[in-house]
Amino acid sequence: MGTMKGKIGNIPGRILDFFSPLKPLVVLFPFLIFFYFVVWQGLTKAKLARQIHERTSTKEELKRKNDELKIGIVAYTSAERIETLYRRTYQFLPISLGNRTVTIELPPIPNLDPKDK
């Protein structure tokens, strides 16, 4: 019985011997927590801030291009530009305001004699 009691009494010593390699981690744990909260999160915050800045500048550039395209659409669909393009393409000379003549051709009137029916 004495030997059993010696083995049981030695259990706390064995537990301490088992966990003794982990003693440096107990000392390093506060440093690891400090590293995580200060350094790692600072790096992550800086990386996310850079990504936000890049996306914001891309967004502003796309807005600027969109405005330029809207201006281009208005310029290319203006009546003066279409008329100028038409005149250049088909070599029509510009008509002065005083010399404009409008000619309309009407279709012929069908003959409605009752004899033809």
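All residue numbers refer to position in the chain's written sequence, counted from 1. With pLDDT at 70 or above as the cut-off, local features in this predicted model cover only qualifying residues; side-chain atom pairs require 80 or more to be listed or tallied, and sums for whole chains, interfaces and linings still use all residues. Based on all heavy atoms of the structure, the side-chain values leave hydrogens and waters out of the count.

1. Side note on the overall build of the protein chain
Step number 1: Working definition: helices are DSSP H or I runs of at least four residues, strands are E runs of at least two. Numbering for both runs from the N terminus. When helices and strands are tallied, the protein chain shows four helices and zero strands.
Step number 2: Counting helices and strands in the order they occur from the N terminus, the protein chain gives α-α-α-α.
Step number 3: The burial tally for the protein chain puts 1% of its 117 residues in the buried class.
Step number 4: Element-wise, carbon and sulfur atoms account for 67% of the exposed surface of the protein chain, whose accessible area totals about 11,900 Å². Burial here depends on accessible area, computed with a 1.4 Å probe over protein chains only, as a share of the maximum for the residue type. Under 20% is buried, over 50% is exposed, and the range in between is partly exposed. For accessible areas, the Shrake-Rupley method is used with a probe of radius 1.4 Å. Any residue's cover is judged against the shown protein chains and nothing else.

2. Observations regarding the pattern of salt bridges
Step number 1: When a carboxyl oxygen of Asp or Glu lies within 4 Å of a side-chain nitrogen of Lys or Arg, that pair is called a salt bridge. Scanning all chains against the criterion turns up four salt bridges.
Step number 2: Linking Glu 61 and Lys 65 is a salt bridge whose minimum nitrogen-to-oxygen distance equals 3.6 Å. With Glu 61 and Lys 65 both in helix α3 (residues 23–76) and four residues apart, this pair spans about one turn of that helix.
Step number 3: Taking the relative accessible area as the measure of exposure, Lys 65 reaches 39% and is therefore partly exposed.
Step number 4: The partner of Glu 68 in a salt bridge is Arg 64, with the nearest N and O atoms 2.9 Å apart. Of this pair, Glu 68 and Arg 64 both sit in helix α3, separated by four residues, roughly a single helical turn.

3. Digging into the confidence of the model for the protein chain
Detail in the predicted coordinates should be disregarded across regions flagged by low pLDDT.
Step number 1: The pLDDT score gives, residue by residue, the confidence of the prediction method on a 0 to 100 scale. Per-chain confidence: the protein chain averages 80 in pLDDT, with 79% of residues scoring 70 or above.
Step number 2: When the elements of the protein chain are averaged for pLDDT, helix α1 (residues 2–9) gives the smallest value, 54, and α3 the largest, 91.

4. Points about the packing of aromatic side chains
Step number 1: Each pair of aromatic rings taken from Phe, Tyr and Trp, with Trp reduced to its six-membered ring, is defined by centres within 6.5 Å and is described as stacked if the planes are under 30 degrees apart, edge-to-face if over 60, and tilted in the remaining cases. By the definition in use, this model includes two aromatic pairs.
Step number 2: Ring centres 5.3 Å apart and planes at 75° place the aromatic pair Tyr 36 and Phe 37 in the edge-to-face group.
Step number 3: The class for Phe 37 is partly exposed, based on a relative accessible area of 48%.

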